[in-house]
Amino acid sequence: MQISAMSKKFARMTQTKKISLGMAAAGAAVVAGSLVSAPAASAATPARAGGNVNTWINQSLEIMRAQGIPGSYNGIYKNLMRESSGNPNAINNWDSNAAKGIPSKGLLQVIDPTFKAYHVPGTSWNIYDPVANITAACNYAAHRYGSIDNVNSAY
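Predicted model only: the values in this text are computed from it and were never measured. (Residues numbered from 1 in each chain as written. Predicted model: local features only at pLDDT ≥ 70, side-chain atom pairs only at ≥ 80, totals over all residues. Heavy atoms only, no water.)

Asker: Honestly, the environment of Y73 in this entry has me stumped. Any pointers?
Answerer: Among the secondary structure elements, Y73 is positioned in helix α5 (residues 73-84). You can call Y73 partly exposed: its relative accessible area is 27%. Taking the C-alpha atoms as reference, Y73 lies 9.4 Å from S60; in sequence the two are 13 residues apart. Beyond its immediate chain neighbours, meaning those up to four positions away, Y73 contacts N54, I57, N58 and L61. (Helix = DSSP H or I, 4+ residues; strand = E, 2+ residues; numbered from the N terminus. Buried < 20%, exposed > 50% of the residue type's maximum accessible area, 1.4 Å probe, protein only. Contact = heavy atoms within 4.5 Å.)

What follows is the structure, given as structure tokens:
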């Protein structure tokens, strides 16, 4: 059986000891989904009490509209899936931020100083809270790039 490029990439990622358990689990679910032809979205949407990716994005958009923060469902979704595969507990323990002791966390992989600086009133101060993470990240993206819709890679 031929292994897909995604499977090879995941295999290389898991050989390093610095990958987080959450990222490994999300990657394994995506790889497993691609090997058995299961839809990737179901593997990427975590089971969590209190909501799912769709609910979290829509709650964030409501807060963003009230605060005048630009962004669309599609812009948030594409960045969220690229950054965390929909895992609100994702943490990046291997990049340059992690090396500095401030790993990226949550759905949109925000570092603590950015989360604190761009936190939106009325949302939780917990960086892992899905709505707070999305809303703060979108606030940051609005200030830096004009909108989360303009972000097409790590930011």
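Asker: Hey, could you run me through the confidence of the model for the chain in this one?
Answerer: Caution is warranted with low-pLDDT regions, since their predicted coordinates should not be read in detail. Per-chain confidence: the chain averages 77 in pLDDT, with 67% of residues scoring 70 or above. Counted against residues more than four places away or in other chains, residues 1-49, with its pLDDT under 50, gives 44 contacts. (pLDDT = per-residue confidence, 0-100.)

Asker: Teacher, can you tell me more about the pattern of salt bridges here?
Answerer: If the charged atoms of two oppositely charged side chains come close together, the side chains can form a pair. A full pass over the atoms with the stated rule returns 2 salt bridges. For R82, the salt bridge identified is with E83, shortest N-O distance 3.3 Å. The salt bridge involving K105 is made with D112; its shortest N-O contact spans 3.0 Å. D112 sits in the partly exposed class, given a relative accessible area of 23%. (Salt bridge = Lys/Arg side-chain N within 4 Å of Asp/Glu carboxyl O.)

Asker: Looking at this structure, how should I read α5?
Answerer: Counting along an α-helix, one turn takes 3.6 residues, and residues three or four places apart therefore face a common direction. Helix length check: α5, at 12 residues, gives a terminal C-alpha distance of 16 Å against a target of 16 Å (1.5 Å per residue), a fit within 8%. Just beyond α5, the residue with positive phi is S85, at close to 55°. (Expected span 1.5 Å × (residues − 1).)

Asker: Which parts of the structure should I look at to understand helix α4 (residues 53-67)?
Answerer: Here α4 contains 15 residues, and its C-alpha end-to-end distance of 21 Å stays within 8% of the 21 Å for a straight helix at 1.5 Å per residue. Of the residues making up α4, those classed as buried are V53, W56, I57, S60, L61 and M64. Down the axis of α4, the buried side of the element spans an arc of 135°, and every buried residue falls inside it. Along α4, exposed side chains directed more than 90 degrees from the buried face belong to E62, R65 and A66. Summarising the contacts, the buried residues of α4 are in contact with α5 and α8 (130-145). One or two steps after α4, the chain reaches G68, where phi turns positive at roughly 75°. (Arc of directions from axis to C-beta.)

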